[in-house]
Protein chains: 2
Amino acid sequence: MNQTHDPALRSWVTSANVPNADFPIQNLPFAVLRRAGTDERFRPAVAIGDHALDLRALHATGIAPSEGLEACLDDTLNRLMGEGARVWSALRADLSALLAEGSEHAPALQSCLIALGDVEYRVPAHIGDYTDFYTSIHHATNIGRLFRPDNPLLPNYRWVPIGYHGRSSSIGVSGQTFPRPCGQLKPPDAERPEVGPCRRLDYELEIGIFIGPGNALGDPVDIDDAESHVFGLCLLNDWSARDIQAWEYQPLGPFLSKSFATTISPWIVTMEALEPFRSPWERDTGEPGALPYLSSARNSAAGAIDMQLEVLLQSAAMRDSDVAPQSLSRSNFTDAYWTVAQMVAHHTVNGCNLRPGDLFGSGTMSGNQEGSQGALIEITRGGVAPITLGNGEERTFLQDGDTVILRAHCEREGAVRIGFGEAGGTVLPASSA
Amino acid sequence: MNQTHDPALRSWVTSANVPNADFPIQNLPFAVLRRAGTDERFRPAVAIGDHALDLRALHATGIAPSEGLEACLDDTLNRLMGEGARVWSALRADLSALLAEGSEHAPALQSCLIALGDVEYRVPAHIGDYTDFYTSIHHATNIGRLFRPDNPLLPNYRWVPIGYHGRSSSIGVSGQTFPRPCGQLKPPDAERPEVGPCRRLDYELEIGIFIGPGNALGDPVDIDDAESHVFGLCLLNDWSARDIQAWEYQPLGPFLSKSFATTISPWIVTMEALEPFRSPWERDTGEPGALPYLSSARNSAAGAIDMQLEVLLQSAAMRDSDVAPQSLSRSNFTDAYWTVAQMVAHHTVNGCNLRPGDLFGSGTMSGNQEGSQGALIEITRGGVAPITLGNGEERTFLQDGDTVILRAHCEREGAVRIGFGEAGGTVLPASSA
C-alpha cells in the first residue's frame, strides 16, 4: 500500500469524493473510449468520479511524461498491460497526484476530462486468448447436480483449477446486444435433435482477469510471481445457452453454447487499487490443500480478493415503465475455490504462454447460501422453480428484451470503497425468428 | 476450374515441373517468410518448385499490380484472407501467368525468388481464434473406447460437428520445438494426483483450415456460402498429453493437455488449388443424414476433399545415424464425417463471428483400417501395444528428441499432383527435468 491508497485523499474532480462513488481517486481504473457518436480514435482513459481522464490528451499536454503514459497512445491497453507493475505503479502515482485536491495542474487538465455520460467504450484490449475457469465449488456442484445428478462434483475438481478455452471474437463491452442463439436442441425424450432458438438462455456472473506481461512458451510461471502477470479485474457475463450446452458438451466441453456473446465491463480495476481488499485464501475443513505448484505462503495469506458481486435484471416491460433493474443475487469473489495466482500458475504449468491482454474468466461466482447463485439455472433449479419479478413477470430463463447487469465493489473498514461500474447486455430476438 | 488448373501448364522455374513436386505451378500455396538468420521483415510468398516468390518484392517491381498483391504487404496474410475469392482468384491467375513457361517477365522476376532452403517461416496469419473439431468418427470411436470403454461414441456425435476452442498463443510453424509439458497426472489406482512431466505424449494428424472473410456477430453463414469464408488448408499437429487430458478433461474438455504446443505447416494451399480434388460427401449405410443447416446439394456433390495424409517419426537416434523418418500411418481427409462447409455452418449457427485468419483443426484424421490411425494412442491401443521402429526402438508414446512430421498431397487422374510440404515438430526434455 502507498500514498495512492490513502483514505484521506480527495480529488479536485469533486464527483469522485461523493460517498459510494464507484470511481474515487483511490480507484483509477482503465478503459478505452471515445466521445459517443463520433468517429474519433478510441484511446485509453482512467475514471475519476463521473468523468474520464483522456490519457492521450494528457500525454499531449506534456504534463507528467512517463513510460506508462507513452504506453497509452494506442487504441488498446495491450502496450500498457505489457509494461508490468513498475510502470503501472509509477503511472498510478502520477495520476493520483495530478487528480488530487490541490494539484497545480487542475486547470490544465480540465480539457482532458470527458463526462462519462458522453462516452462510448470498446473492449479495452486486443484479447489474444480467452480462458474461462470454473472456480466456484458451489456453482460446480449446483450445475453438476443438474447435468449429472449421480455425480455432481467430479473427482478432479478439488485438485485441478478446471478451465477451458473460450471464444475471443464474440467478447463485447457493456451495452452489447446479441440475438438469441440458435442451435441443436435435444429434449431428453426426443428421438433426434432439432434446430431452433435456445429456450434456456442464461447469464453467468464472473470476474474477468486481464493478463499483463506474458511468459515465454515452455516457461511456467511460479505461483509467487503469478500476480506480476496480472493487470487488473473487470466484470464478465458468460452468457450460456443451457439447452445447446447439454446436448453438445460431451466429450470436448462447451462450444456454441457460449461462443455467441460474452460481455465485459469497460473499466479494469488494477491489482494495485485492489490492495486494501486482499483476504486470506482459506478452505473449509475437510477440503484438501493445493499441490505444491499451487501453494505459497503469500497466496495463503492474501491470495483472495474481497469483492462483492451482484446480478440485476431489467425486462423490456420494466424498462418501458421505468422500473429499475432488480437484484437477483449477490456473491463474493472469496467464494472462489482457487485464487487469481493459482489460475495463472496452473494455466502455465504445462508451458503454455500467456500474452498481454489475454483474458481469464473466474467462472460463475456462486456462494453456498440462498440468494448467492450466479446463474438462473442455479436459482431456478434447472428451470423448475421460476422466480417472480417485482412487476409480476416470471422467469426460469431469459426472455427476449431482458437486460442483465453485473455490478461489483470492494468495501472494507479503513479503506475507501471502490466500484467496477457495470457490465450490461441485452438479449434480442433470434435472427431466424 | 480454370486455366490455372491446366495439367499441361509448366513453369520457367523448372523445379516446379519435376514429377511429384509438392509445389507445381498448379498449386501456388501461400506462406509468410524471410531469409533465414536475417532480421528482414517477414512477408507473404507463394511456393513454386523449390523456390518462393516474394510477393512484397513482386509488388515493388510494379509488374502485374492488383488488389490481391496490395493485400500482401503486411507481415501476415490476414489482409489477403479478408479479401475473398474474387481477389484471391485474380491474384492466382496473375501469378500463374507470371510463373508460366514463356512469361516475358521471367528475367525480371528472378530477383523475387528465394530458394526454399534459405528461408525461415512464421505462423502465416494472426490467428484470432483457433477451433479444433473432431470430425473423424473412427478417431472418436477409437479414443472414446479408451476414455469410456462402456460408451465409446456419444449419442451427439452423429448430429453435432463436435468442436472446442483451442489455444492460439502456442501455435507454431513447422520446426517448432517445445519442452515435454508438465502437469497433474493421476494414475487410476493413485489416491491423489501428482505433478510431473507427461508420460503419454502424443501427436494428432489434422488438417488446418484458415478462414477468409468473416461474418458479423449474430449472422450465421449458410452452408452453400460457407466455403466463400475459407482461404485454404494446411497441416496441423495437435500435440496431446494423454495423461494430463484423462485427469483434467471433465466436464469442460481438454485444456492444458493441448495448449502447450500446436504445429502447423507453413504453406496454405488455397481452396481454388484444391478444386480438382473435390469428392462427394458420403456416409456409410445406416448413418443418419445431416440436419438442414448442415445439408445442401452442393455439399453432398463435392463437399469432401481427397487429400492423402501421412505421419512420420524420426527419433533422436535415427537422426544421429541419418535414418530417414519412418511412416507410422496414412489416412485421407475423406475419412472426415463432416466437411469444411459443415464446420463453418455449424460454427456460426449460433451467431458466432469468424474473422479472417481464424484457424480450424479438422480433428485427428483416422480411417477405419489398420495403419490409418492418426495418433499413437490409437496405434498402440492406449499404450499397451508398442510399435517397433526400423532401428529396433519401441514406442508407445513419444520420447524426448522425437520429431513428428506430417505430410499431405492430393493426387488424381487428369490433374497434377499438389503437395502441402510438411509440419514437423520436436519434443525437448521437460523444463523441470
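In this text, all values refer to a predicted model and were calculated from it rather than measured experimentally.

What counts, and at which threshold
Residues numbered from 1 in each chain as written. Chains lettered and ligands numbered in written order. Predicted model: local features only at pLDDT ≥ 70, side-chain atom pairs only at ≥ 80, totals over all residues. Heavy atoms only, no water. Helix = DSSP H or I, 4+ residues; strand = E, 2+ residues; numbered from the N terminus. Rg over C-alpha atoms; globule rule 2.2 N^0.38 Å. Contact = heavy atoms within 4.5 Å. Areas by Shrake-Rupley, 256 points an atom, 1.4 Å probe, with all protein chains shown as cover. Lys, Arg positive; Asp, Glu negative; His and termini not counted. Charge placed at Lys NZ, Arg CZ, Asp CG, Glu CD. Least-squares fit on C-alpha atoms with pLDDT ≥ 70 in both. Pairing = 2+ DSSP bridges. Axes fitted to C-alpha atoms, helices over the stretch in contact; angles between N-to-C directions. Phe/Tyr/Trp six-rings, centres within 6.5 Å; stacked < 30°, edge-to-face > 60°. Lys NZ or Arg CZ within 6 Å of the ring centre and 35° of its normal. Core = buried A, V, L, I, M, F, W, Y, C linked by side-chain atoms within 4.5 Å. Buried < 20%, exposed > 50% of the residue type's maximum accessible area, 1.4 Å probe, protein only. Salt bridge = Lys/Arg side-chain N within 4 Å of Asp/Glu carboxyl O. Polar contact = N/O pair within 3.5 Å; in protein donor to acceptor, adjacent residues only side chain to side chain. Nonpolar A, V, L, I, M, F, W, Y, C, P; charged D, E, K, R; others polar. Disulfide = S-S within 2.5 Å. pLDDT = per-residue confidence, 0-100.

### Description of the overall build of chain A
Okay, step 1: Of regular secondary structure, chain A possesses 11 helices and 26 strands.
Okay, step 2: The globule rule puts the C-alpha radius of gyration for 433 residues at 22 Å, and the 21 Å found for chain A is close to it.
Okay, step 3: Contacts in chain A between residues at least 24 apart in sequence constitute 73% of all its contacts with a sequence separation of at least 6.
Okay, step 4: Only carbon and sulfur atoms are counted for the fraction: they give 49% of the accessible area of chain A, which is about 15000 Å².
Okay, step 5: In chain A, 32 positive and 53 negative side-chain charges are present, and the distance between their average locations comes to 4 Å.

### Topic: the relation of the copies chain B and chain A
Okay, step 1: When chain B is fitted to chain A, the residual RMSD is 0.0 Å, and the transformation amounts to a turn of 180° plus an axial shift of 0.0 Å. The symmetry that links the two subunits is that of a two-fold axis. Among all residues of chain B, the one whose C-alpha sits closest to the rotation axis is Gly253(B), at a distance of 2.1 Å.
Okay, step 2: A symmetric contact is evident, with 100% of the interface residues of chain B recurring at the interface of chain A.

### Comments concerning the sheet that holds strand 9 (residues 176–179) of chain B
Residue and element names in this part refer to chain B.
Okay, step 1: Taken in spatial order, the 5 strands of this open sheet run 9-26-25-20-21, and their pairing is mixed. At either margin of the open sheet sits one strand with a lone partner, and together these are strand 9 and strand 21 (326–332). Between one strand and the next, the sheet's axes are offset by a mean angle of 20°, whatever the strand orientation.
Okay, step 2: In this structure, strand 9 lies alongside strand 26 (residues 418–428), joined through 4 bridges in parallel fashion. From the neighbouring strand, Phe178 faces strand 26, where its bridge partner is Val427.

### A short note on the packing of aromatic side chains
Okay, step 1: Under the defined criterion, the tally for this structure stands at 22 aromatic pairs over all chains.
Okay, step 2: Where Trp88(A) meets Phe231(A), the ring centres are 5.1 Å apart and the plane angle is 80°; that geometry is what we call edge-to-face. With a gap of 143 residues between them, Trp88(A) in helix 4 (residues 85–99) and Phe231(A) in strand 14 (residues 230–237) connect regions that are remote in the sequence.
Okay, step 3: Among the aromatic residues, those joined into a cluster by ring pairs are Tyr134(A), Tyr157(A), Tyr337(A) and Trp338(A).
Okay, step 4: Over the ring of Tyr337(A) we find Arg283(A), and its NZ or CZ is 3.6 Å from the ring centre.
Okay, step 5: If you follow Arg283(B) out to its NZ or CZ, it ends over the ring of Trp338(B), 4.3 Å from the centre.

### Some remarks on the nonpolar core
Okay, step 1: The biggest cluster of nonpolar side chains holds 162 residues, and the ones touching the most others in it are Leu233(A), Met307(A), Phe333(A), Leu233(B), Met307(B) and Phe333(B).
Okay, step 2: In this view, Leu233(A) contacts Ile207(A), Gly208(A), Ile209(A), Trp267(A), Ile268(A), Val269(A), Met271(A), Leu274(A), Ile305(A), Met307(A), Phe333(A) and Phe420(A); residues no more than four positions away in its chain are not counted.

### A closer look at helix 10 (residues 340–348) of chain B
Okay, step 1: For helix 10 of chain B, the tally of buried residues reaches 9 of 9 residues, placing the bulk of the element in the interior.
Okay, step 2: Every buried residue of helix 10 of chain B is accounted for by Val340(B), Ala341(B), Gln342(B), Met343(B), Val344(B), Ala345(B), His346(B), His347(B) and Thr348(B).
Okay, step 3: Tucked inside the fold, the buried residues of helix 10 of chain B contact strand 10 (182–185) of chain A together with strand 6 (130–133), strand 13 (205–211), strand 14 (230–237), helix 8 (297–302) and strand 22 (359–361) of chain B.

### Let's talk about the sheet that holds strand 25 (residues 403–410) of chain A
Residue and element names in this part refer to chain A.
Okay, step 1: Ordered by their spatial adjacency, 5 strands build an open sheet running 9-26-25-20-21, and the pairing between neighbours is mixed. Edge positions in the sheet fall to strand 9 (176–179) and strand 21 (326–332), since each has one partner strand and no second. Geometrically, the sheet is characterised by an average inter-axis angle of 20° between neighbouring strands, direction not taken into account.
Okay, step 2: Where strand 20 (residues 308–314) lies against strand 21, 6 bridges are found, and the strand directions are antiparallel. Residue Leu309 lies in a different strand from strand 21, and its bridge partner there is Ser331.

### So, the interface of chain B and chain A
One frequent convention defines the size of an interface as the accessible area lost when the parts assemble.
Okay, step 1: Across the contact, 58 residues belong to chain B and 58 residues belong to chain A.
Okay, step 2: We note a salt bridge from Asp129(B) to Arg167(A), for which the minimum N-O separation is 3.4 Å.
Okay, step 3: The tally of links between chain B and chain A comes to 27 residue pairs in polar contact (both at pLDDT 80 or more).
Okay, step 4: Secondary structure elements with two or more residues in the side of chain B that touches chain A: strand 6, strand 7 (163–166), strand 9, strand 10 (182–185), helix 7 (242–248) and helix 10 of chain B.
Okay, step 5: Looking at the side of chain B that touches chain A, its residues break down into 29 nonpolar, 22 polar and 7 charged.

### Concerning unusual backbone geometry
Okay, step 1: A cis amide bond, omega 5°, links Gln250(A) with the succeeding residue Pro251(A).
Okay, step 2: For Leu28(A), which is not a glycine, the phi torsion comes out positive at approximately 55°.
Okay, step 3: As for its placement among the helices and strands, Leu28(A) is situated in the segment before strand 1 (30–35).
Okay, step 4: The phi dihedral of Asp322(B) falls on the positive side, at around 55°, and the residue is not glycine.
Okay, step 5: On the secondary structure map, Asp322(B) appears in the loop between helix 9 (316–320) and strand 21.

### Considerations on the side chain of Thr262(B)
Okay, step 1: Turning to its location among the elements, Thr262(B) is positioned in strand 16 (residues 262–264).
Okay, step 2: In this structure, Thr262(B) is in contact with Tyr130(B), Ser170(B), Ile171(B), Gly172(B), Gln176(B), Leu236(B), Asn237(B), Asp238(B) and Trp239(B), ignoring residues within four places of it in sequence.

### Points about the state of the cysteines
All names here are of chain B.
Okay, step 1: Counting across every chain of the model gives 0 disulfides over all chains.
Okay, step 2: Distance from the sulfur of Cys72, which forms no disulfide, to the nearest cysteine sulfur (Cys112) is 13 Å.
Okay, step 3: For Cys182, which is in no disulfide, the shortest distance to another cysteine sulfur is to Cys198 and amounts to 9.0 Å.
Okay, step 4: On the basis of relative accessibility, which here comes to 12%, the residue Cys182 falls in the buried class.

### A word on the environment of Leu398(B)
All names here are of chain B.
Okay, step 1: Position of Leu398 among the secondary structure elements: in the loop between strand 24 (394–395) and strand 25 (403–410).
Okay, step 2: The exposure class of Leu398 is buried, given its relative accessible area of 1%.
Okay, step 3: With 196 residues separating them along the chain, Leu398 and Asp202 place their C-alpha atoms 6.0 Å apart.

### Considerations on the pattern of salt bridges
Residues and elements named next belong to chain A.
Okay, step 1: In total, this model carries 54 salt bridges over all chains according to the counting rule given.
Okay, step 2: Of the charged contacts in the structure, one is a salt bridge between Lys258 and Asp238, with a shortest N-O distance of 2.9 Å. Placement of the pair is Lys258 in the loop between helix 7 (242–248) and strand 16 (262–264) and Asp238 in the loop between strand 14 and strand 15 (240–241), with a sequence separation of 20 residues. Neither Lys258 nor Asp238 differs from the other in exposure class; each is buried.

### Topic: the confidence of the model for chain A
Okay, step 1: When the pLDDT values of chain A are averaged, the result is 97; 100% of them are 70 or greater.
Okay, step 2: With pTM at 0.98, the complex prediction returns an ipTM value of 0.97.

### Concerning the pairing of strand 6 (residues 130–133) of chain A
Here is the key point about a regular strand: its side chains alternate between the two faces of the sheet.
All names here are of chain A.
Okay, step 1: By the alternation rule, side chains of strand 6 split into Tyr130 and Asp132 and Thr131 and Phe133, which are all buried.
Okay, step 2: The sheet contact formed by strand 6 and strand 7 (residues 163–166) spans 4 bridges and is antiparallel. Residue Phe133 lies in a different strand from strand 7, and its bridge partner there is Gly163.
Okay, step 3: Bridging between strand 6 and strand 22 (residues 359–361) involves 3 bridges; their strand directions are parallel. Of the residues in strand 22, the one forming a bridge with Tyr130 is Leu359.

### Concerning the environment of Gly163(B)
Okay, step 1: Summarising the element assignment, Gly163(B) is placed in strand 7.
Okay, step 2: Residue classification places Gly163(B) among the buried residues on the basis of a relative accessible area of 4%.
Okay, step 3: The spacing of Gly163(B) and Gly361(B) is 198 residues in sequence and 8.9 Å in space, taken between C-alpha atoms.
Okay, step 4: Ignoring anything within four residues of it in the chain, the contact list for Gly163(B) reads Leu252(A), Phe255(A), Asp132(B) and Phe133(B).

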